[in-house]
Amino acid sequence: MSSADTILKRKRRTLVLLLAPFSIMLSVFFLIPLGIMMVYSFLEPGLYGGVEWNWYPYNYGRIIGWPLNDFEEFEPIYLKIFLNSLQIALMTVICTFLLSYPAAFWVSRMKGAKKNFALFLITLPFFANLLVRIYAWLLLLRPTGFFNTVLQSAGLIMEPLDLLFNNFAVIIGMVYILTPFMFLPIYANVEKLDYSLVRASQDLGANPLQTFRRVILPLTAPGILGGSIIVFIPALGNFIVPSFLGGSKVQMTGNLIERSFLQSRDWPFGAALALLIMASVVILVVIQLNRQAKAEARGVS
Amino acid sequence: MNFLNITSARKAYRTPEGGFIHALDDVSLNVRNNEFLTLLGPSGCGKTTLLKCIAGFEDIDSGNISLEDQSLKGVPAHRRPFNTVFQNYALFPHLNISDNVGYGLDVARVPKKERADRVEEAMELVGLKGFGKREPNQLSGGQQQRVALARSLVLKPRVLLLDEPLSALDRKMRENMQIELKNLQNSVGITFVFVTHDQEEALAMSDRIAVVANGKVQQLATPTEIYDEPANAFVANFVGTSNIFTGKVVEQNGKNLKIETANERQVLATSDHFNLGDQVQVILRPEHMKLSPDGNEISECCIEGTVEASIFVGSEMHLHVNVGKGRTAIVHHRHNRGDEGERIEVGTDVKLYYSPNAAHLIELVED
């Protein structure tokens, strides 16, 4: 065996050793549970919780409309809840984007200490507990809360507005929690945007709008897509925000999953719901990765 | 009618310390139609600022920039009939080469057929035919440079502004591109305003050179005038190497002057502009001084000194000669093959001969 082979072998052994802890953790705490969930989602729910080891595809059937006729009925409410979750997640993505995109340009143009301070402010909310932050919104939005009190005493409204326990409240909560996740990837992208390209575009006769559409937007698209996915995934599966700010009126798939596992003890059904969410997310990520690979082939990252 | 005219342009930047830097300090410049004009100066002299002001990326504080007597004040960069070739090329990484070249035509909504023809024509002009489908990062620096040129030329600008476009290329490539750029300018008949800090580049390519320093135009003239008759000591030192002796005219015989220099040497020169008793600076180029008289020089026309250092650079031997009171003169002594035997040792006493016609006189300014 030549020495080059030995070196290669040693390198490979080092690599395996370095990757081992992470691989073990990932498989024990993620892949194996995922496998269990997949199996469970095709099993019959037991009468008192647990599972019966019978082939039972109707957990999915209940959700997407092909039920076991005599026992379970197709309930369009699940699809409705899923669609509402999609809608809330999409709105969250759009709102966090609209907030983050201009802010990222603004911060990227700051200098030194000012810039670091701005970045610190953006991560500041992480320092407080999630529940505390959501509870604060409950206090702000409720009929006797801050906004209604101010608006009423200003004489702008006669009766308190319904700000709480609707999609609006849930979206506000989501946007509040998830904006940093949109901001940071966009900022990382905007930060390295080469302004000489903007100049070149102007120089070649493009007005500001054309420059934005033809140069700035395509060059920051990877950051926007990255941020959108990182916001979309937790928004779609979130159950804390809707249970606080949506009350009993706004149900998201996350709440449904939580209830199936913890209250109805219908694990197969919960597993089916969770996997459906995961499937929709995976489809989105694959689309993104494809686009990114194409962009990278062109030297844009 | 004036073509591109800059009158009394001023531009100041605030420094972080609260002071001001006068990037442009009363600059007036008249660029002629179809000429290759170079703005030459050290970095930070204001030449790039001037280019940006012409392009419309920056506004001048006062003064005026006009094209064919139409003021460009308030005209944004994208409406000016000028295009820029940037130092780092600034090619759009998300577009392929033909879309980069066609960018200006696309934003101007030029019909498809015409766009395709003009892109093709421009790519051929810069020698990149058939590269249209490639991506910018697949091209070498020189090729990217050509794309940047094609992208600007395809729009047929009135003036092409070039911001140190060759500085990122290696030496051989740079020399090739100099010739190509000059030929290109001749064939397309577009006015080029070229910014560089490289004096050889400026001398090689330009119809006229504006030497810029401290926000002011020091001299605007043809390359030979700039080299042979520098307007002041800065130009003399920045363009080529100069030996400058300060002194006083002590003898006048018509055009023939004798100057007594501060280091107690006497220099002969011919000039119409100076009289007995004038304080002057004498500029002698290193290649105009020789170690032995060859007929044109008269024997008394020489400066004595001692060799302090001799540096071999290939085609020449550069001698540093102490000519009294610590003043060093630099002499470029032509090197012939097999000269090794007559290599001049440090410490040798030499006489430096020159022709009085080679000495250029300028007024002594106190600064």
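Parameters and conventions
- Residues numbered from 1 in each chain as written.
- Chains lettered and ligands numbered in written order.
- Predicted model: local features only at pLDDT ≥ 70, side-chain atom pairs only at ≥ 80, totals over all residues.
- Heavy atoms only, no water.
- Helix = DSSP H or I, 4+ residues; strand = E, 2+ residues; numbered from the N terminus.
- Contact = heavy atoms within 4.5 Å.
- Patch = residues over 30% accessible without salt bridge, like charges linked within 9 Å, V, L, I, M, F, W, Y side chains within 5 Å.
- Areas by Shrake-Rupley, 256 points an atom, 1.4 Å probe, with all protein chains shown as cover.
- Salt bridge = Lys/Arg side-chain N within 4 Å of Asp/Glu carboxyl O.
- Buried area = accessible area lost by both parts, 1.4 Å probe.
- Polar contact = N/O pair within 3.5 Å; in protein donor to acceptor, adjacent residues only side chain to side chain.
- Nonpolar A, V, L, I, M, F, W, Y, C, P; charged D, E, K, R; others polar.
- Domains from an automatic or database assignment.

1. Concerning the environment of Ile226 of chain B
Residues and elements named next belong to chain B.
(1) Moving on: Its location among the elements puts Ile226 in helix H8 (residues 223–228).
(2) Moving on: When the C-alpha atoms of Ile226 and Glu287 are compared, they prove to be 16 Å apart, with 61 residues separating the residues in sequence.
(3) Moving on: Apart from residues no more than four positions distant in its own chain, Ile226 is found in contact with Ile209, Val211, Gln219, Ala221, Val235, Val239 and Arg285.

2. What to know about a nonpolar patch on the surface
(1) Moving on: There is a patch of nonpolar side chains on the surface, built from Phe22, Ile24, Met25, Leu26, Val28, Phe29, Phe30, Leu31, Ile32 and Ile36 of chain A and spanning about 1000 Å² of accessible area.
(2) Moving on: Tracing the chain through its elements places Ile24 of chain A in helix H1 (residues 3–40).

3. Topic: the interface of chain A and chain B
(1) Moving on: Facing 22 residues of chain A, the contacting portion of chain B comprises 26 residues.
(2) Moving on: For the pair chain A and chain B, the summed buried surface comes to about 2100 Å²; carbon and sulfur atoms form 57% of the total.
(3) Moving on: Scanning the region where chain A abuts chain B turns up zero salt bridges.
(4) Moving on: Here chain A and chain B share six residue pairs in polar contact (both at pLDDT 80 or more) between them.
(5) Moving on: Taken together, the residues of the side of chain A that touches chain B break down into nine nonpolar, eight polar and five charged.

4. Let's talk about the domain arrangement of chain B
Residue and element names in this part refer to chain B.
(1) Moving on: Per the domain assignment, the segments making up chain B are domain 1 (4–237) and domain 2 (241–363).
(2) Moving on: Tallying the contact residues gives ten residues for domain 1 and nine residues for domain 2.
(3) Moving on: Counting across the domain 1 and domain 2 interface gives zero salt bridges.
(4) Moving on: At the junction of domain 1 with domain 2, the criterion picks out five residue pairs in polar contact (both at pLDDT 80 or more).

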